Amino acid sequence: MTTMESLIGLVNRIQRACTVLGDYGGGTGDNAFNSLWEALPTVAVVGGQSSGKSSVLESIVGRDFLPRGSGIVTRRPLVLQLHKTEEGTEEYAEFLHLPKRKFIDFALVRKEIQDETDRITGKSKQISPVPIHLSIFSPNVVNLTLIDLPGLTKVAVEGQPETIVEDIESMVRTYVDKPNCIILAISPANQDIATSDAIKLAKEVDPTGERTFGVLTKLDLMDKGTNALEVLEGRSYKLQHPWVGIVNRSQADINRNADMMLARRKEREYFDTSPDYGHLASKMGSEYLAKLLSKHLESVIRSRIPSILSLINKSIEELERELDRLGRPVAVDAGAQLYTILEMCRAFDKIFKEHLDGGRPGGDRIYGVFDNQLPAALKKLPFDRHLSLQSVKRIVSEADGYQPHLIAPEQGYRRLIEGALGYFRGPAEASVDAVHFVLKELVRKSIAETQLKRFPSLQVELALAANTSLEKFREESKKSVIRLVEMESAYLTAEFFRKLPQEMERPAVANSKNQTASPSPATQDLYGDGHFRRIASNVSAYVGMVSDTLRNTIPKACVYCQVRQAKLALLNYFYSQISKREGKQLGLLLDEDPALMGRRLECAQRLELYKKARDEIDAVAWVR
Ligand SMILES: Nc1nc2c(ncn2[C@@H]2O[C@H](COP(=O)(O)OP(=O)(O)OP(=O)(O)O)[C@@H](O)[C@H]2O)c(=O)[nH]1
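Each chain carries its own residue numbering, running from 1 in the written order of its sequence. Thresholds applied to this predicted model are a pLDDT of at least 70 for local features of residues and 80 or more for the giving and counting of side-chain atom pairs; totals over whole chains, interfaces and linings are not thresholded and use all residues. Excluded from the side-chain calculations are hydrogens and water; all other atoms, namely the structure's heavy atoms, are used.

The name an unreviewed UniProt entry gives the protein is Dynamin-related protein 1E, with Brassica cretica as the organism. What UniProt states about the protein under its Sequence similarities (unreviewed entry) heading is, verbatim, "Belongs to the TRAFAC class dynamin-like GTPase superfamily. Dynamin/Fzo/YdjA family." UniProt positions are given in the numbering used here, feature names are shortened, and annotations may be inferred rather than shown by experiment.

Encoded structure:
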């Protein structure tokens, strides 16, 4: 195999693989991947209707094989891959959509193109961007790939949708817009070149004429006494590549079923004997055009190989990264499935702990509960109201009953304190709830940060089990903090009250330093408002002390019962559930989101294509 054959062949193989993956030049563009196709040099045949596109293609191939008829015959792109074979070998054609079937009879090729067109577009005369791939193996061709596109029209005819004119143009544009597309612009010589659809479009997308090959057909149909030298010698419209004139079979030849090889010979003769074009004869005709294109395509491919390779390498990296993210496909046997599940649980557990212990955010919010929420709630408790003068008087006298207290209202103190301590339940329970919600949120977050999102059923089940555990921890924690509050009511710190008389007298002592003779104010208004105010302030001081204690002990209870338990045993409940499952049920847990499975498959296929392409390029690119 020569370099030329292998380079064009390589691009052919990559193009075919792209089509299999639904990634083709005229594609819909909703493809998230870089289109490899777009990086590949292609030759697109464009021209107005009846400009002679089919005829040019057929004479390049040397066979009749394209559908003919009135209206828009080419309604899907035809990717025509020509492979030169050894002299004397049999010619045959093959379609990508019918692998393993060799077409020897080219009339059947024509029929298959028609049928395959209709298969996608229906008989509706609609057009479709999905290409048909046809390979022709023949000693009479050069290695070349051409894409035949629907002919540009100006008006819709019988039964065609109104939009057909624009539809065709935009389909053709998706090909010729690409900087890697070589444009084979077909114009008939018996028409003013200024009105050529092909040249109009080429001018727009390739103003410098670098990638446009101008082809002039129907030279034989020009009016007697006129010639196309202005065009062919590049004066009418200048292109970087020389114009090629062509003489195809006439309609009469076609009707007569004139042989293609004979037509080629007649074309040769036409130029060789032409008084107008004799001096250009060696650079005219369909055979010359085919060789010219083949050589050009090969050199373009060669020059693009580094950029194609770098695109392929970049895509391979992207795909591998995406596959890593999507995860490997799930194992089928129960043991491996259980292993996969446990592995994911471990990963989840690790991430969850990192959120709590630091390294990942979120655990600090629990400290926020203890440092802000709890102290603020404690501060807001309505002790002022509970210990207002009125309320203290009422509670103390109710506690005294018919016998007012003599010195200190023992019962009154108890009732006031017990009443006040009841208020601590609220903030205690609220702290437990707040910690619970932080933990729950961290479970959610941790799940999102693992592979678990791949498996919706497993994810739901695990979240459910984790939350059930958290709920249990919350209950325990509530019991504990309530117990802390109740313990404070159950036994009051006697020492505090033993100290009281001294403290009551402290202001008096202080006073006595200055006014030695005056009696202590404490004794003065023993049963007046001052007495009750003092009781209120004593109770308030005691309650403040309890509040300080609880501010320290409630967090300990929450951490002990909830946070520590979550770290130790969050998934225990899940594990006990899982161990009861049979193999089949395990498999169900690992049911993946179908969209995700599809995506993985797509990535894997594409990765394989790109890797194969890379290997092939490596194998041929440096052969000289
Ligand atoms: N005499 C002569 N007739 C030609 C030449 N090229 C094409 N024709 C005729 O022009 C008509 C249209 O040619 P096609 O090759 O079918 O043109 P097309 O651009 O493929 O047409 P659509 O597929 O309908 O868009 C046919 O009858 C051909 O025989 C030529 O160089 N000389």
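From this point on, the discussion continues.
(A) How the structure looks around the packing of helix H3 (residues 53-61) against helix H10 (residues 286-326). Here H3 crosses H10 at 80°, and the two axes come no closer than 8 Å. As summarised for this structure, H3 and H10 are arranged roughly perpendicular, according to the angle between their axes. Residues Val56, Ser59 and Ile60 of H3 pack against Ser286, Leu289 and Ala290 of H10. Working convention: axes come from line fits to C-alpha atoms, limited for helices to the stretch in contact. Angles between N-to-C directions cover 0 to 180 degrees. For helices the rule is a DSSP run of H or I covering at least 4 residues; for strands it is a run of E covering at least 2, with both sets numbered from the N terminus onward. Here the word oblique covers every angle except those under 35 degrees (roughly parallel), over 145 (roughly antiparallel) and from 65 to 115 (roughly perpendicular). Whether two residues are in contact is decided by their heavy atoms: any pair within 4.5 Å suffices.

(B) Structural context of the sheet that holds strand S2 (residues 78-84). By this definition, two strands are paired if DSSP reports at least two bridges between them. Read across the open sheet, the eight strands follow the order S3-S4-S2-S5-S1-S6-S7-S8; overall the sheet is mixed. The open sheet terminates on both sides in strands that have one partner only, identified here as strand S3 (92-95) and strand S8 (244-245). Relative to S8, strand S7 (residues 212-217) runs parallel, the two being bridged by two bridges. Its bridge partner being in S8, Leu216 is matched across the sheet by Gly245.

(C) Quick look at the site of the ligand. Being near a molecule or strand, for a residue, comes down to having at least one heavy atom within 4 Å of it. Close contacts around the ligand come from 20 residues, with Ser54, Ser55, Asp220, Asn248 and Gln251 the closest. Lys218 is positioned with one of its backbone polar atoms (N or O) 2.9 Å from an oxygen atom of the ligand. Polar contact is defined as a pair of N or O atoms within 3.5 Å, subject to the rule that within protein one atom must be able to donate a hydrogen and the other to accept it, and that residues adjacent in sequence are counted only when both atoms are side-chain atoms. Residue Asn248 places a main-chain N or O atom 2.7 Å away from an oxygen atom belonging to the ligand. Calculation on the ligand without its partners gives an accessible area of 630 Å², and the protein chains cover 91% of this total. Listed by contribution, the elements that provide at least two residues to the shell around the ligand are H3 and helix H8 (251-255). At three residues, H3 tops the list of elements feeding residues into the shell around the ligand. For the shell around the ligand, the residue count by class is four nonpolar, eleven polar and five charged. Here the Shrake-Rupley method, with its probe set to 1.4 Å, supplies the accessible areas, and only the displayed protein chains count as covering residues. Just so you know the grouping, Ala, Val, Leu, Ile, Met, Phe, Trp, Tyr, Cys and Pro go in nonpolar, Asp, Glu, Lys and Arg go in charged, and all remaining residues, Gly too, go in polar.

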